[in-house]
Amino acid sequence: MTGPLVGDVFGAVVRDAFAVARGVGVRPLAGGRLPRPVIEIVERDDGLITGVMADGYLAEPDLWPAHDRRALDLVHGRVLDIGVGAGRAALALQERGVPVTGLDISPGAIAVSRARGVRDLAHATVEEHAASGQLYDTFLLMGNNLGLLEGRERAPAFLAALARMASPGARVIAQGTDPYGTTDPVQVGYHKRNRERGRFGGQLRLRLRYRDLATDWFDYLVCSVDELSELLAGTGWELAALDATDAPYYVATLVQTEGLVHAEGHRV
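Computed from a predicted model, the values in this text were never measured in an experiment. (Residues numbered from 1 in each chain as written. Predicted model: local features only at pLDDT ≥ 70, side-chain atom pairs only at ≥ 80, totals over all residues. Heavy atoms only, no water.)

Engineer: Please explain the overall build of the protein chain as it appears in this structure.
Structural biologist: Broken down by element type, the protein chain carries 8 helices and 15 strands. Expected size for 268 residues packed as a compact globule is a radius of gyration near 18 Å; at 19 Å, the protein chain falls within 12% of this value. Projecting the C-alpha coordinates of the protein chain onto the three principal axes gives extents of approximately 60 × 45 × 35 Å. For the protein chain, buried positions account for 48% of its 268 residues. The contacts in the protein chain between residues at least 6 apart in sequence include a share of 61% that link residues at least 24 apart. Roughly 12,800 Å² of accessible area belongs to the protein chain as shown, and the carbon and sulfur atoms make up 55% of that amount. Averaging the locations of the 28 positively and 34 negatively charged side chains of the protein chain gives two centres separated by 5 Å. (Helix = DSSP H or I, 4+ residues; strand = E, 2+ residues; numbered from the N terminus. Rg over C-alpha atoms; globule rule 2.2 N^0.38 Å. Buried < 20%, exposed > 50% of the residue type's maximum accessible area, 1.4 Å probe, protein only. Contact = heavy atoms within 4.5 Å. Areas by Shrake-Rupley, 256 points an atom, 1.4 Å probe, with all protein chains shown as cover. Lys, Arg positive; Asp, Glu negative; His and termini not counted. Charge placed at Lys NZ, Arg CZ, Asp CG, Glu CD.)

Engineer: Any chance you could explain the environment of Arg 154 here in plain terms?
Structural biologist: Here Arg 154 is to be found in the loop between strand E9 (136-141) and helix H6 (155-164). Relative accessible area serves as the criterion here: at 21%, Arg 154 is assigned to the partly exposed category. When the C-alpha positions of Arg 154 and Val 100 are compared, they lie 25 Å apart, and in sequence the two are 54 residues distant. With sequence-adjacent residues up to four places away left out, Arg 154 is seen in contact with Val 126, Glu 127, Leu 148 and Leu 149.

Engineer: Whenever I open this one, the packing of aromatic side chains confuses me. Can you help?
Structural biologist: Think of a pair of aromatic rings as described by two things: how far the centres are apart, and how the planes are tilted against each other in angle. According to the stated counting rule, one finds 3 aromatic pairs in the structure shown. Relative to Tyr 57, the ring of Phe 10 has its centre 4.9 Å away and its plane inclined at 80 degrees; by these criteria the two rings are edge-to-face. With Phe 10 in helix H1 (residues 9-22) and Tyr 57 in the loop between strand E5 (49-53) and helix H2 (66-72), the pair connects residues that are 47 residues apart, well separated along the chain. Looking at Phe 10, the relative accessible area reads 16%, which means it is buried. Residue Tyr 57 is classed as partly exposed on the basis of its relative accessible area of 23%. With a centroid separation of 6.4 Å and an interplanar angle of 90 degrees, the aromatic rings of Phe 139 and Trp 237 are classed as edge-to-face. Placement of Phe 139 in strand E9 and of Trp 237 in strand E14 (residues 237-243) is noted, with a sequence separation of 98 residues between them. Judged by relative accessible area, which is 2%, Trp 237 ranks as buried. (Phe/Tyr/Trp six-rings, centres within 6.5 Å; stacked < 30°, edge-to-face > 60°.)

Engineer: Help me understand the pairing of E9 in this model?
Structural biologist: Within a regular beta strand, the side chains point alternately toward one face of the sheet and then the other, so they alternate between its two faces. Among the 6 residues in E9, 6 count as buried, and that is most of the element. Where strand E6 (residues 79-82) and E9 come together, 3 bridges link them in parallel fashion. Bridged to Val 79 within E9 is Thr 138. Relative to strand E10 (residues 166-177), E9 is paired through 5 bridges, and the arrangement is parallel. The partner of Tyr 136 across the bridge, within E10, is Ala 166. Between the parallel elements E9 and E10, the chain passes through H6 in a crossover that is right-handed. (Pairing = 2+ DSSP bridges. Right-handed = clockwise from strand over helix to strand, strands pointing away.)

Engineer: Before we go on, may I ask you to explain the pairing of E14 in this structure?
Structural biologist: As paired elements, E14 and strand E15 (residues 249-256) share 6 bridges and run antiparallel to each other. The partner of Leu 239 across the bridge, within E15, is Leu 254. Linking E14 back to E15 in an antiparallel pair, the connection comprises 5 residues.

Engineer: Any chance you could explain the environment of Ile 82 here in plain terms?
Structural biologist: Here Ile 82 shows up in strand E6. On a C-alpha basis, the gap between Ile 82 and Ile 105 in space is 9.5 Å, while along the polypeptide they are 23 residues apart. Non-local contacts of Ile 82, meaning those with residues more than four positions away in its chain, are made with Leu 103, Val 126, Phe 139, Leu 140, Leu 141, Asn 145, Leu 148, Phe 158 and Leu 162.

Engineer: Is there a simple way to explain the nonpolar core in this structure?
Structural biologist: Most often, soluble globular proteins keep nonpolar side chains buried together rather than apart. The biggest cluster of nonpolar side chains holds 34 residues, and the ones touching the most others in it are Ile 82, Phe 139, Leu 149, Leu 162, Val 172, Leu 228 and Trp 237. Looking at this core, the elements that each hand over two or more residues are E6, helix H5 (126-130), E9, H6, E10, helix H8 (225-232) and E15. Within the second largest apolar cluster, 22 residues are counted, among which are Val 38, Ala 109, Leu 206 and Leu 213. (Core = buried A, V, L, I, M, F, W, Y, C linked by side-chain atoms within 4.5 Å.)

Engineer: Any chance you could explain helix H4 (residues 107-116) here in plain terms?
Structural biologist: Since the α-helix packs 3.6 residues into each turn, any two residues three or four apart lie on the same face. Every buried residue of H4 is accounted for by Gly 108, Ala 109, Ile 110, Val 112 and Ser 113. Elements in contact with the buried residues of H4: H1, strand E7 (100-104) and strand E8 (121-123). One or two residues past the end of H4 sits Gly 117, with phi positive at roughly 115 degrees.

By themselves these figures say nothing about function.
Have a look at this one:
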């Protein structure tokens, strides 16, 4: 008996969600007739299984959480939408006339974003894209994508890559979630075990599943604002503003600290 294939789970999820939404293309069917709901399965390293309905990745702004709409209002200048997904934020920014590049490591997500009309896309990690020499005024991490910082090991390199792409006065607009308001014993126990291993309590170890596909295991950070501030120390970025109106969800605005200035004029 073999396990799931390792592949582009997120790309397959948004591809099928897009097909179902349009009523065309290859998509999973129930009994060969009706489209099944497209559900992304999230498997955590303690055995917890949850599901995410994929139609949210295609949602129009009037269906977004209020904090996502407010986050979009904070951008300025040229934007790098990190984790563009199916393109919901990039498309909304294009409609406003904002120059935006969508970045994702999922080839399937890039394909769906392109099919939906996102004009400027890059299939790369943040470090790979930093080597392109492009500069941005805003780095957007919507949809809980603050989690892409992963933890203490990954965050410095991620933030350094953003600094290399930062124009003078650049900012990071990042949406996160404070995980510690829960009394659920499964979650509280997970936080405790993480801390005992020297990790942040909400530093998730996950893999995604969809149909016959799975990703490799990866870290994804769900952190408090205090933990975020700890991660930022010494990185050249600092917390400048916080919107916690919809707690436990929050939108953090990061700006560059004073430091050395490259010849191009941006600080590191």
